[in-house]
Amino acid sequence: RKEVEQDPGPFNVPEGATVAFNCTYSNSASQSFFWYRQDCRKEPKLLMSVYSSGNEDGRFTAQLNRASQYISLLIRDSKLSDSATYLCVVNEGNQFYFGTGTSLTVIP
Amino acid sequence: ETGVTQTPRHLVMGMTNKKSLKCEQHLGHNAMYWYKQSAKKPLELMFVYNFKEQTENNSVPSRFSPECPNSSHLFLHLHTLQPEDSALYLCASSQPGQGVGEKLFFGSGTQLSVL
């Protein structure tokens, strides 16, 4: 049983496109949720936290649905620099569980 | 930079070697972690230290031996590794007790190749 599941992709989208990633988690007691971005051969970096009310940071919007136990990330007006792997992360106490990541390539 | 420094960036070792990975965080955090990332797999938690005490050992083989002398430093001692241990090893830290505010910050990772 996987704690966190993501569609691995790859997603190949043209510049300017809108793309959405989803993630599901298995433990309803999970406390906090995040999206991390990981570039090739680099460490994961926090992109944004995800709150039940939804939150937006520029072109990025994250949403949490506790009833359905899923998290989403929407990227609008995709840039070439958005190409990376996006990791869904769920926190349960002192444990952080990672999805396998969704690969995004933005094409010129 | 995230405030978590990890060395070396790359390491190639034979199966009979002994080496150590080093991690230092400058964020004032009290929890430190070792993760393993293999190709096409999610990050796997290896060890967790809270306030220098090991609170999690995720069934890691004994050829991996962690050491946490204080809240800012974390080591991973490696000996008699196997080729399947080749992976990216990531150190991370967080500040426990923040509830939904607790976040993980990663070092740059060590790309390990075992020959």
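All chains use their own residue numbering, which begins from 1 and follows the written sequence. Throughout, the order in which chains and ligands are written sets their labels, letters from A for the former and numbers from 1 for the latter. Per-residue local features are limited, in this predicted model, to residues with pLDDT of at least 70; the limit for side-chain atom pairs, both in listing and counting, is 80 or more; totals at the level of whole chains, interfaces and linings are taken over all residues. Calculated side-chain values reflect all of the structure's heavy atoms, with hydrogen atoms and water omitted.

This brings us to the interface of chain B and chain A. In what follows, a contact means two residues having at least one pair of non-hydrogen atoms within 4.5 Å. Between chain B and chain A, the residue contacts involve 23 residues of the former and 18 residues of the latter. Together chain B and chain A conceal approximately 1800 Å² of surface at their shared face, both sides included; 57% is due to carbon and sulfur atoms. Salt-bridge detection follows one rule: a side-chain nitrogen of Lys or Arg within 4 Å of a carboxyl oxygen of Asp or Glu. Viewed at the interface, chain A and chain B are joined by zero salt bridges. Polar contacts, as counted here, are pairs of nitrogen or oxygen atoms within 3.5 Å of one another; within protein the pair requires one atom able to donate a hydrogen and one able to accept it, and residues that are adjacent in sequence qualify only if both atoms are side-chain atoms. Counting across the chain B and chain A interface gives four residue pairs in polar contact (both at pLDDT 80 or more). The term buried area means the drop in 1.4 Å probe accessible area that two parts suffer when joined, counted for both and summed.

The next point concerns the environment of A39 of chain B. With respect to the secondary-structure elements, A39 of chain B resides in the loop between β4 (31-37) and β5 (44-50). Here the alpha-carbon distance between A39 of chain B and H77 of chain B, two residues 38 residues apart in the chain, equals 22 Å. Secondary structure counts use DSSP, requiring at least four H or I residues in a row for a helix and at least two E residues in a row for a strand, with both numbered from the N terminus.

Turning next to the sheet that holds strand β3 (residues 18-25) of chain B. Residues and elements named next belong to chain B. Here, strands pair whenever DSSP counts at least two bridges between them. Reading across from one edge, β1-β3-β8-β7 is the order of the four strands in this open sheet, with antiparallel pairing throughout. Both outer strands of the open sheet, β1 (4-7) and β7 (64-70), are each paired with one neighbouring strand and no more. When strand polarity is set aside, the average angle formed by the axes of neighbouring strands in this sheet is 15 degrees. Strand direction decides the pairing type here: β1 and β3, joined by four bridges, are antiparallel. Inter-axis angles, ranging from 0 to 180 degrees, are taken between N-to-C directions of lines fitted to C-alpha atoms, where helices are fitted over the stretch in contact.

A word on the sheet that holds strand β7 (residues 60-65) of chain A. Residues and elements named next belong to chain A. In space, the five strands of this open sheet follow the order β1-β3-β8-β7-β6, with antiparallel pairing throughout. Of all strands in the sheet, those with a lone pairing partner are β1 (4-6) and β6 (55-57), marking the two edges. Pairwise comparison of adjacent strand axes, ignoring direction, gives a mean angle of 20 degrees for this sheet. Where strand β3 (residues 19-25) and strand β8 (residues 70-75) come together, six bridges link them in antiparallel fashion. Bridge pairing in β8 links N22 to S72.

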